[in-house]
Amino acid sequence: MKSKTMFVCRECGATSIKWLGRCPECQSWSTFDEVEINENEKKSQKRTFSNHAEKFSELKMPTYMRTCTGMQELDRVLGGGLVDGSVVLLSGEPGIGKSTLLMQICSELGKTRKVLYVSGEESKGQLKLRAERLEITGDTLYLLTETDTDAVIAECEELKPDVIIIDSIQTLSSERFTSVQGSVTQVRESALSLINYAKKNSAAIFLVGHVNKEGGISGPKILEHMVDAVLYFEGERTNSYRIIRAIKNRFGSTNEIGVFEMGDKGLKEIPNPSEVIMAERPINTSGSCAGCVIQGSRPIISEIQALVTKTAYPSAKRTSDGFDHNRMSLLIAVLEKRMGLKFYENDVYVNVAGGIRLDEPSADLSIAMALISGITDRVISDDTIAFGEIGLSGEVRAVSHIDYRVKEAVRLGFTRIILPKKNVTGALKVPSKVQLIGVSNIYEVLPHMTKKV
Ligand code: TYD
Ligand code: MG
């Protein structure tokens, strides 16, 4: 029988019956690969099925076996350790430290579990050099340099590892498919073979995925749907801090983050990120305010900086790093309307220190205060921290987890805590030197800023 073919975009997975120069879905150029469709499979005759639905009440509770990776920051993001038989996609830009992190956890995992590290990118020599530098030990640690998916699976069948690390999924390909290495088909099929192996043998797998310029995982987006957890490894080249966050996790929360610092001996965990971030804070400058967000199970204190300068453009510039751009525009509009501050004459640059992303409403008050401080040149003293949600009328609304936030602020030595009035209750206990300042509207914060000296 004549086999039919179709064309699949290797960037986004869009399909077409004829070859296209540019993908109509993701607008990439020359990304269509030809793949075969097996007509015989479609025309299979009468089939019988043995899979039946079960009563919910009769289902057994699963017990997940978890293994500690030796890095608490990573365990936290995974939901309390690596689950047996789970497939985790670790993605990030080249050079961010994915291989370093995975090699480091091999050391701890290798003490109790059989670990296979498969590299399609580096030679054994290079890997050995890195392992030396990272002081990796472990008696049950194996290394394979291979790019053929079927060879990797065959080796797994023989070695029976408990943990498999694939660095990276884009380097794997199988002769069973005609498309080139790194194409949608190859990446998807390689991942599928590995996932099937993992589920059948209860082995945990880490897949390293490269991120393209736009931030998407290059090759098929479909990978994200196939795996149990998707972790993003982020950070800036210019500073040594690295943050891991879960974008998806079938075995835990997705709010958790793990913080690391890249040094000459690999990644070091930062269990108290607030302290590290606040240590670099400038003192006595306008446009700076401390804020606190809850990331999963822990509060993180960060510094918000707002630079407000007279604009030289017909329309003022607005940029924000670490905070939602639309939310910043909304806060600026509230401050213009409710406090008469003339932001429209000024460019505004907002930055959150330490690469932390403030994505909960409680950050509003600290951002607004940094903006007010920036435009009025008033200084917020370094013993002050603020959190609260701001409404369109300029009202300050109550926020959740108030006791966690206050506790962390007190631990870091803040003595003036500006918070929503509704959150100040008798149940909130603080040492006598700490002042709780309840505010119900944004203009009430002005007396707590001082004229620049
Ligand atoms: P790597 O783990 O190779 O990144 P990825 O796998 O995400 O592409 O990390 C590479 C960078 O990390 C490289 O620029 C060197 C740096 N690095 C250190 O600073 N210290 C170290 O101990 C190691 C192993 C790497
Ligand atoms: Mg690498």
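Residues numbered from 1 in each chain as written. Chains lettered and ligands numbered in written order. Predicted model: local features only at pLDDT ≥ 70, side-chain atom pairs only at ≥ 80, totals over all residues. Heavy atoms only, no water.

1. What to know about the overall build of the protein
This is how the line gets drawn: Put simply, DSSP marks the helices as runs of H or I at least four residues long and the strands as runs of E at least two long, and each gets a number from the N terminus on. The contact rule is simple, with two residues in contact once any of their heavy atoms fall within 4.5 Å. Working definition of accessibility: Shrake-Rupley area with a 1.4 Å probe, residue cover restricted to the visible protein chains.
Scanning the protein for helices and strands turns up 11 helices and 25 strands. With the principal axes as the frame, the protein shows a C-alpha extent of 80 × 55 × 50 Å. Pairs at least 24 apart in sequence give 66% of the contacts found in the protein among residues at least 6 apart. In the structure as shown, the protein presents an accessible area of about 22,900 Å², 51% of it carried by carbon and sulfur atoms.

2. A short note on the site of ligand 1
What counts is decided by this rule: By convention in this text, a residue qualifies as near a molecule or strand provided that one of its non-hydrogen atoms is within 4 Å of it. Any N or O atom pair separated by 3.5 Å or less is treated as a polar contact, with the protein-specific requirement of one donor-capable and one acceptor-capable atom, and with residues adjacent in sequence counted only for side-chain atom pairs.
Taken together, 16 residues lie near ligand 1, and Gly95, Ser99, Thr100, Gly263 and Gly266 sit nearest. Between ligand 1 and glycine 95 there is a distance of 2.7 Å, counted from an oxygen atom to a backbone nitrogen or oxygen. Relative to its unbound accessible area of 560 Å², ligand 1 is 74% covered by the protein chains. Residue assignment for the shell around ligand 1 shows that the elements contributing at least two residues are α3 (98–112), α4 (124–133) and β13 (257–263). Per-element accounting of the shell around ligand 1 gives the leading share, 3 residues, to α3.

3. Remarks on the domain arrangement of the protein
For clarity, the threshold we go by: Segmentation of the chain into domains, including their bounds, is taken from an automatic or database domain assignment. By definition, the buried area sums, over both parts, the 1.4 Å-probe accessible area that each loses when the two are put together. We count a salt bridge whenever a side-chain nitrogen from Lys or Arg sits within 4 Å of a carboxyl oxygen from Asp or Glu. Only Asp, Glu, Lys and Arg are considered charged in this grouping, and only Ala, Val, Leu, Ile, Met, Phe, Trp, Tyr, Cys and Pro are considered nonpolar; every other residue, Gly among them, is considered polar.
Annotation of the protein at the domain level lists domain 1 (3–40), domain 2 (64–271) and domain 3 (275–448). Between domain 2 and domain 3, the C-alpha centre-to-centre distance is 37 Å. Contacts between the two partners involve 14 residues from domain 2, matched on the other side by 12 residues from domain 3. In total, domain 2 and domain 3 occlude about 1,000 Å² of area from one another, counting both sides; carbon and sulfur atoms represent 43% of this. With its nearest N and O atoms 3.0 Å apart, the salt bridge here joins glutamate 234 to arginine 357. Taken together, the connections running from domain 2 to domain 3 amount to 4 residue pairs in polar contact (both at pLDDT 80 or more). Secondary structure elements with two or more residues in the side of domain 2 that touches domain 3: α2 (72–78), β12 (241–249) and β13. Of the residues assigned to the side of domain 2 that touches domain 3, the class counts are 6 nonpolar, 2 polar and 6 charged.

4. With respect to the environment of valine 187
As a reminder of what qualifies: Partly exposed residues are those whose accessible area sits between 20% and 50% of the maximum for their type, while under 20% is buried and over 50% is exposed, using a 1.4 Å probe and protein chains only.
Position of valine 187 relative to the elements: it lies in helix α6 (residues 184–201). Assessed through its relative accessible area of 0%, valine 187 is described here as buried. Distance in space between the C-alpha atoms of valine 187 and histidine 210 is 11 Å, their sequence separation being 23 residues.

5. Structural notes on the sheet that holds strand β7 (residues 115–119)
Short version of the rule: Any two strands with at least two DSSP-identified bridges between them are counted as paired. All axes here are fitted lines through C-alpha atoms, helices being fitted over the stretch that makes contact, and every angle between N-to-C directions spans 0 to 180 degrees.
Read from one edge of the open sheet, 9 strands run β8-β7-β9-β10-β6-β11-β12-β13-β14, paired in mixed fashion. In this open sheet, the two strands that pair with only one neighbour each are β8 (141–145) and β14 (266–269). Averaged over all neighbouring strand pairs, the angle between strand axes comes to 25°, with direction disregarded. Pairing of strand β11 (residues 229–235) with β12 involves 7 bridges; the strand directions are antiparallel. Paired with valine 230 across the strands is lysine 248, a residue of β12. Sheet strands touched by α3: β6 (87–92), β7, β8, β9 (163–167), β10 (204–210), β11, β12, β13 and β14. Its angle to β7, the strand with the most contacts, is close to 160°.

6. Quick look at the packing of helix α5 (residues 149–159) against α6
How we decide: For this classification, under 35 degrees means roughly parallel, over 145 means roughly antiparallel, 65 to 115 means roughly perpendicular, and everything else is oblique.
Relative to each other, α5 and α6 sit at 10°, their axes nearing to 10 Å. Of the possible angle classes, the one that applies to α5 and α6 is roughly parallel. Contacts between α5 and α6 pair Thr149, Val152, Ile153, Cys156 and Glu157 from the former with Ser190, Ser193, Leu194 and Tyr197 from the latter. In the contact of α5 with α6, the residues fall into 5 nonpolar, 3 polar and 1 charged.

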